[in-house]
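Reading the structure
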Amino acid sequence: MHAFGQILKTEAKLYLRDIPTLVLTIGLPTLILVVLGLIPTLRQPDPNFDGQSFVTYFTPSLLVLTLAMVGVNALPTVLATYRERGILRRLATTPASPAALLAAQLVLALVAILTSAVLLALVARLAFGSPLPQRPLGFAAALVLGTAALLALGLLVAAVAPTAKSAQALAVPLFMVVMFFGGVYLPRFLLPDFLAEIGAYTPPGVQALLDAWTGTAPHPLHLGIMAVIAVAASAGAAKLFRWE
Amino acid sequence: MPVIEVTNLHKRYGETVAVDDVSFTVEAGEIFGVLGQNGAGKTTTVECVAGLRVPDGGGVSVLGLDPRRDANRLRQLVGVQLQESQLPDRLRVAEALELYASFYRDPADPARLIDELGLGQKRNTPYDKLSGGQKQRLSIALALVGNPKIAILDELTTGLDPQARRDTWSLIERVRDSGVTIVLVTHFMEEAERLCDRLALINQGRVVALDSPAGLVTSVAPEQRIRFRPSTPLDDRLLTDLPQVTAVTRSGAQVVVTGTGDVLHAVTSVLARNQIIAAELRLEQATLDDAFVELTGHRLTD
């Protein structure tokens, strides 16, 4: 336990020293929200979005941006770099379990995502009067399961990528898919129905996030699928993971 | 009492045999060298000893334990410095040592270790700002921070400048003097000759010789040659009567004595007893390099 605490402390320090990445990861969604919110028409209630403003409607999609950056981009890159540079291998010669390093990385990824989510929700509420998530429990469930599914996919990439470069090569297409179906590139109302529907089932499950935010209970099937993806991808990652 | 016993170790990667048949024992408190060319199977051998690889055949016992079955216990007792393993760029010297110290039940004091390794000025320096020699010393410190009984050091001084290399050698001798058994993997002849109490010479996955550096040299080239200019005329029989001397020849004013064993001591004693001063005295002897060529059929570093 002492070792895990020390690893977590050390990794947290390393995380905090990389200021540009940190600001980008945690602050970018909120920054985009603010920029969009400066355009008056996007703040007007719109029948297209059940009488909500575009800014309110788009906020959950922005959350997907953080999830994708942390889960399928930052996490695998850090771990693949550690593998490429022999940091994992060296750790394997000590009594510390390299699994403790993985656990520490997951904790930090979760903290980054939660910080980013809270910041986004608060700014949306205070600056643009968007409601906070209407179903806090359902929203928490959707966020936790969606995050778990994405982090598990990130671990799967980290498991098989021998170098940071190859991790990027695997992560970028995955990142694009997550962002596309999450409605970050194009707002989801512009996507054909079947594509928007697919987005409900691809991690992190933006439909469930949207439902819980706007007050509908998230669909159990959507949550269930995130749970299944999380379990399956982590099992795959655990099976394929190499320390060197 | 051996602390490491390797018997008939065999390890292959697919079709490639990395280690064919390697056996040796390492005694407590010695510096044991594993010497050979790149690709001879040195690293694979010590990786099996460290429990990082599973042998395909043969046995390894470290402090009476099995490196695979008792991996958790052995990791507390064996410090390992690997080739080409780095640390995160932004990790600072003191942080790295405190992190690694937290893994062990009875660690050394990180602050003291930092001072002993001459990194006191660099304790708050990030890893990527350290010089090659400083990185190497930090890596050795990490191998020692758990207060190990055995330290396995792979290619300790590769990439270091001559001064940093000599400093590292002194450091290793001090570590040995503190009671740690050291297994040193190297392809530097000078390093092996300077540091190692005993050497296993590995060629194409096999041990071709196992002895002290001086013993290895003697085994392939037992003869030594002494040259000197006597201060007064010298009767050859004084020297040829000595059992250690095999031949005496002259080369101008110089006497050249060929012999074995402690021939140098025997010759100088006789000269002293006859009050002859040996001017320009030189001892010519085969080197470990010559022994290596003799035993493996090729030079070490080409």
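Since we're looking at a predicted model, the values are computed, not measured.

The rules we used
Residue indices follow the written sequence of each chain, beginning from 1 at its first position. For naming, the first written chain is A and the first written ligand is 1, with later ones following in the order written. Predicted model: local features are reported for residues with pLDDT of at least 70 only, side-chain atom pairs are reported and counted for 80 or more only, and whole-chain, interface and lining totals are derived from all residues. Excluding hydrogens and water, the side-chain figures rest on all heavy atoms present in the structure. Burial classes: relative accessible area under 20% of the type maximum marks a residue as buried, over 50% as exposed, and values in between as partly exposed (1.4 Å probe, protein chains only). Here a helix means four or more residues in a row that DSSP labels H or I, a strand means two or more in a row labelled E, and each is numbered from the N terminus. In this analysis, strands are considered paired if DSSP registers two or more bridges between them. Note on geometry: axes are C-alpha line fits, over the in-contact stretch for helices, and angles between N-to-C directions span 0 to 180 degrees. Here is the rule for angles: anything less than 35 degrees is roughly parallel, anything more than 145 is roughly antiparallel, 65 through 115 is roughly perpendicular, and the remaining ranges are oblique. Crossings are classed by handedness, with left-handed meaning an anticlockwise turn of the near helix from the far one by less than a right angle and right-handed meaning a clockwise turn. Whether two residues are in contact is decided by their heavy atoms, any of which lying within 4.5 Å being enough. For any pair of parts, buried area is found by adding up, for both, the accessible area (1.4 Å probe) each one loses once the two are put together. Salt bridges are defined by distance alone: a side-chain nitrogen of Lys or Arg within 4 Å of a carboxyl oxygen of Asp or Glu. For the purposes of these results, a polar contact is taken to be a pair of N or O atoms within 3.5 Å, where, inside protein, one atom must be able to donate a hydrogen and its partner to accept one; residues adjacent in sequence count only when each atom of the pair is a side-chain atom. Ten residues, namely Ala, Val, Leu, Ile, Met, Phe, Trp, Tyr, Cys and Pro, are considered nonpolar, four, namely Asp, Glu, Lys and Arg, are considered charged, and the remaining ones, Gly among them, are considered polar. Segmentation into domains, and thus their bounds, comes from an automatic or database assignment. The length a helix should cover is 1.5 Å for every residue beyond the first. Lining residues are defined by having an atom within 4 Å of a point belonging to a cavity or pocket. Those points lie on a 1 Å grid over the protein atoms alone, cavities being sets where a 1.4 Å probe fits but cannot get out and pockets being open sets with protein on both sides within 12 Å along at least five of seven lines. Grid points are joined across faces, edges and corners, and a volume is the space filled by probe spheres set on the points.

Residue and element names in this part refer to chain B. Burial runs high along strand 8 (residues 198–203): five of the six residues are buried. Where strand 3 (residues 31–35) meets strand 8, four bridges bridge the pair, whose relative direction is parallel. Note that in strand 8 the partner of Leu35 across the bridge is Leu201. As defined by bridge partners, strand 8 adjoins strand 9 (residues 206–211) across five bridges and the pair is classed as antiparallel. When the sheet's bridge partners are listed, Asn203 is paired in strand 9 with Arg206. Counted between consecutive antiparallel strands, the loop separating strand 8 from strand 9 contains two residues, among which Gln204 sits at a positive phi close to 45°.

It is at 9 Å that the axes of helix 1 (residues 2–17) of chain A and helix 3 (residues 93–101) of chain B come closest, and there the two elements cross at 155°. As far as their axial angle goes, helix 3 of chain B and helix 1 of chain A are roughly antiparallel. Once helix 1 of chain A is placed against helix 3 of chain B, the crossing between them reads as left-handed. Contacts from Gln6(A), Ile7(A), Thr10(A), Lys13(A) and Arg17(A) of helix 1 of chain A reach helix 3 of chain B at Glu95(B), Glu98(B) and Leu99(B).

This paragraph deals with the interface of chain A and chain B. In this complex, chain A contributes 22 residues to the contact, which on the side of chain B involves 29 residues. Of the roughly 2400 Å² buried between chain A and chain B on both sides combined, carbon and sulfur atoms contribute 54%. On inspection of chain A and its partner chain B, the count reaches four salt bridges. In this structure, Asp89(B) and Arg85(A) form a salt bridge, with 3.0 Å as the shortest nitrogen-oxygen distance. Inspection of the chain A/chain B interface yields nine residue pairs in polar contact (both at pLDDT 80 or more). Ranked by residues supplied to the side of chain A that touches chain B, first place goes to helix 1 of chain A with eight residues. Each residue belonging to the side of chain A that touches chain B can be placed in one class, and the counts come to nine nonpolar, six polar and seven charged.

Turning to the pattern of salt bridges, a few remarks are in order. All names here are of chain B. The tally for this structure, following the rule as stated, stands at 21 salt bridges over all chains. Note that Glu116 is salt-bridged to Arg112, the shortest N-O span being 3.3 Å. Remark: Arg112 and Glu116 occur in helix 4 (residues 110–116); sequence separation between them is four residues, near one turn of the helix. Take Glu116: its relative accessible area is 45%, and that puts it in the partly exposed class. Taking the relative accessible area as the measure of exposure, Arg112 reaches 56% and is therefore exposed. Measuring nitrogen to oxygen at the nearest pair gives 2.8 Å for the salt bridge that ties Asp197 to Arg176. In this pair, Asp197 is assigned in the loop between helix 7 (189–195) and strand 8 and Arg176 in helix 6 (residues 162–177), connecting sequence segments 21 residues apart. Residue Asp197 is classed as partly exposed on the basis of its relative accessible area of 33%.

Time to look at the domain arrangement of chain B. Partitioning chain B into domains gives domain 1 (2–218) and domain 2 (222–285). The centre of domain 1 of chain B, based on its C-alpha atoms, is set 43 Å off from the matching centre of domain 2 of chain B.

Once that is clear, we can look at helix 6 of chain B. Taking 1.5 Å of rise per residue, the 16 residues of helix 6 of chain B would be expected to cover 22 Å, and the 23 Å separating its terminal C-alpha atoms lies within 8% of that figure. Remark: Gly179(B) follows helix 6 of chain B within two positions and exhibits a positive phi of approximately 105°.

All names here are of chain B. Take Thr157: it is sitting in the loop between strand 6 (150–154) and helix 6. Reaching out from Thr157, the side chain makes a polar contact with the side chain of Glu191 at a distance of 2.4 Å. Contact partners of Thr157, with chain neighbours within four places excluded, come to Gln136, Arg165, Thr168, Trp169, Phe188 and Glu191.

One way to see where empty space is left: roll a probe the size of a water molecule over the atoms. Across all of its chains, the model carries five cavities of 30 Å³ or more by this definition. The calculated volume of the largest cavity comes to roughly 100 Å³. As for the largest cavity, its lining consists of 13 residues, of which Glu11(A), Ile87(A), Leu91(A), Pro88(B) and Leu99(B) are closest to the centre. Put simply, the parts of the chain that give the lining of the largest cavity at least two residues each are helix 1 and helix 4 (87–92) of chain A together with helix 3 of chain B.

Helix length check: helix 5 (residues 132–144) of chain B, at 13 residues, gives a terminal C-alpha distance of 19 Å against a target of 18 Å (1.5 Å per residue), a fit within 8%. Within helix 5 of chain B, burial applies to Gly133(B), Gln134(B), Gln136(B), Leu138(B), Ser139(B), Ile140(B), Ala141(B), Leu142(B), Ala143(B) and Leu144(B). Elements in contact with the buried residues of helix 5 of chain B: helix 4 of chain A together with strand 5 (78–81), helix 3, helix 4, strand 6 and helix 6 of chain B.

Before going further, it helps to spend a moment on the environment of Ala142(A). Residues and elements named next belong to chain A. Along the chain, Ala142 falls in helix 6 (residues 136–160). The spatial distance from the C-alpha of Ala142 to the C-alpha of Met226 is 8.4 Å, given a sequence separation of 84 residues. Contacts of Ala142, omitting those with residues within four sequence positions, involve Pro204, Ala208, Leu209 and Leu223.

A few words on the pairing of strand 1 (residues 2–13) of chain B. Residues and elements named next belong to chain B. Sheet topology places strand 1 next to strand 2 (residues 16–27); eight bridges connect them, and they run antiparallel. Bridging from a neighbouring strand, Lys11 pairs with Val19 of strand 2. Linking strand 1 to strand 2, which pair antiparallel, is a turn of two residues; within it Gly14 sits at a positive phi near 60°.

This next bit is on unusual backbone geometry. Residues and elements named next belong to chain B. The backbone of Asn147 sits at a positive phi, close to 55°, despite the residue not being glycine. Within the element layout of this structure, Asn147 appears in the loop between helix 5 and strand 6. With phi around 50°, Glu280 is a residue other than glycine that occupies positive phi space. Looking at the element boundaries, Glu280 is found in strand 13 (residues 278–284). Here Glu280 falls in the partly exposed class, since its relative accessible area comes to 43%.

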